[in-house]
Every structure is written in C-alpha cells, then in structure tokens.
Amino acid sequence: MGHLDHASFGLLTPALSYAMAVIGAALGLRCTVRALATSGRSRRNWLITAASAIGTGIWTMHFVAMLGFSVRGTDIRYNVPLTILSLLVAMLVVGVGVFCVGYGRDRVRSLLIGGLTTGLGVASMHYLGMAALKLHGSVHYDPLLVALSVAIAVVAATAALWAALNIKSPIAVVGASLLMGAAVSSMHYTGMMAVGVHIVPSGGDLSGATTMQFIFPLAVGLGSYLFVTSAFVALSPTADERAAYSVAEQPVESSDGHPADRSADQSAAQGHPTPLGESAPAGEAVTPTPAATA
C-alpha cells in the first residue's frame, strides 16, 4: 500500500479549492436568481451561465485539491482527454439540473430531479477525474465511502438548487454559497478517503501530463473565468433596474399627445408661477404674479 498525502502543500490547496467551490456556487446561484426573474432567451442565457459557473467551480475545486495529492513511491500523471471530459460532464449534467429548475412547472419535482441529476453529475466528474490519474500501481476504492460521497453530492446539489429557488438577497446567497462550498469540499475529500493505492515498482515512464504541465494552467484559466464572469454579473443590471431605466427614459405626454415640459410640470407642482410670455401646461391654471394683480 502506498502512503497517500492529500495536502502535500499544507492547507494551501484545501483553502484554495474551497474558495473556488464557493465562488462557483455564488456565481451559479446569482445567475439562477437572475434567470428566474426573466423569460425567453434571457432566461436561457442566464441558466447556461449558471451551469458553466457551477460546473467550472466544482471542477476547479477538485483539481486544485488534486494539486496537493501525492502518493509515496510513485509519480502521478493525468490522462488529458479524460480530464477534459470530466469538465464537460460537470457542466453538461449540472446544466440539466439547472434547466430542470429553471423551466419546471412543478417546483418540488423539478427540485428533486434537478438535485439528483446534478449530484450524480458532480460525483461522475470526481470519479472520471480520478480515472484519469496514472501511477505505478493500481487504485481501488472503499464502496461505503464512495456511496457516502455520492450521497453528499446529491444532498449538496439539491440544497444549492433549493437556495436558487428560494433565496433572493445577496447576503443569503453568500451564506448558501459558503455552505455549498463546504458540502462540495466534503464530498471531494470523502471520495479521496475512499481511495487506496497498491504500488507496483516500475522503472518505466508514465504517459500523460503532470499536474504543473496541465492541471495547474487549466485550473488557473478556469479560475480566471470565474472571476471575470463574477464581475460581469455584478455589473449587469437586474430586471428591476432595467425596468426602472425604461420608465425614466419614457417622455411624459401632455393631454394633446405632445411631450410635456417636465420643468414646467415641476414648477407648477412646487407652486412657482409660470413666467410671463410662456403658456402653462395644458390643464394647469396660471398663477398670477403680484405685478399682474396690481
């Protein structure tokens, strides 16, 4: 049996991986909240962004944590196509769950189906990522811990989707994201506790990419995507803000159908007289000046 170290860089990789999970969850929740407040193409686009954010956040969390994973007595390499497939699976299956919630008419059924689908997708991403791992030896799993990790993933996904449906305020979203990040991290490390490695000494070279050659640059790139998308979401106006802008830009029409003079309306409303030589707005009485009454 090889000795497994899940934090070879200390607390750095667990802390960074948790931060990635929280950012992905927060961004996904905010996008889902935006989607539920819109319709048509706008809803679809927000849901796609939510799925990519949650899927990217979970995948980045997993592989940032894997940067700290090492096995004494063997090098570690990664199968590049299988690793990329795990990312696509994460985004695709999370997308199915998010769209179930976004378009489902029966919220309870949509939540259960979406939570189950998303949770199984998260677990599939994790174990596909582990299948991409190459080393001198064989990897085996504890079935009970694997089942527990899948259950944690399903519960965490269902809770996240419930939060998207019921939590609207930014502060509540932050709290839900912190819990979601903890749940995703718990799922990952529970799955990693299920791993056992039997080392087979070999002098041959392993095929595939090292963590620094492939995983680290990809994780940095996806992490940057999360930050850029977070800025975009924060700066884009909400549906209520757009509606307020539309109302503010509409001209006020007088009774004869022509745009009214807003300054005259405001002067009349404040009790100021209309200057001599200017007509009052339709329907308004002209307030006489002292000079006129004299």
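As the structure is a prediction and not an experimental result, all values here were calculated from the model.

Quick notes on the confidence of the model for the protein chain
Reasoning step 1: In this model, the protein chain carries an average pLDDT of 78, and 79% of its residues clear a pLDDT of 70 or more.
Reasoning step 2: Note on residues 262–269: pLDDT under 50 across the span, and nine contacts to partners over four residues away in sequence or across chains.
Reasoning step 3: Note that pLDDT drops below 50 for residues 282–286; the model gives that stretch three contacts with residues more than four away or on any other chain.

Things to note about a nonpolar patch on the surface
Reasoning step 1: Taken together, the side chains of Phe9, Leu12, Leu16, Met212, Phe216 and Val220 define a hydrophobic patch exposed on the protein surface, amounting to about 570 Å² of accessible area.
Reasoning step 2: Taken together, the elements giving at least two residues each to the nonpolar patch come down to helix 1 (12–36) and helix 7 (211–235).
Reasoning step 3: Counting through the fold element by element, Leu16 comes out in helix 1.

Some remarks on the packing of helix 2 (residues 40–66) against helix 4 (residues 107–131)
Reasoning step 1: Look at helix 2 against helix 4: their axes get within 10 Å of each other, and the N-to-C directions meet at 35°. Helix 2 and helix 4 meet at a crossing whose hand is right-handed. From helix 2, Ile58, Trp59, His62, Phe63 and Met66 reach across to helix 4, where they touch Val122, Met125, His126, Gly129 and Met130.
Reasoning step 2: In terms of residue class, the contact of helix 2 with helix 4 is made up of seven nonpolar, three polar and no charged.

The rules behind these values
- Residues numbered from 1 in each chain as written.
- Predicted model: local features only at pLDDT ≥ 70, side-chain atom pairs only at ≥ 80, totals over all residues.
- Heavy atoms only, no water.
- pLDDT = per-residue confidence, 0-100.
- Contact = heavy atoms within 4.5 Å.
- Patch = residues over 30% accessible without salt bridge, like charges linked within 9 Å, V, L, I, M, F, W, Y side chains within 5 Å.
- Areas by Shrake-Rupley, 256 points an atom, 1.4 Å probe, with all protein chains shown as cover.
- Salt bridge = Lys/Arg side-chain N within 4 Å of Asp/Glu carboxyl O.
- Helix = DSSP H or I, 4+ residues; strand = E, 2+ residues; numbered from the N terminus.
- Axes fitted to C-alpha atoms, helices over the stretch in contact; angles between N-to-C directions.
- Left-handed = near helix turned anticlockwise from the far one by under 90°.
- Nonpolar A, V, L, I, M, F, W, Y, C, P; charged D, E, K, R; others polar.

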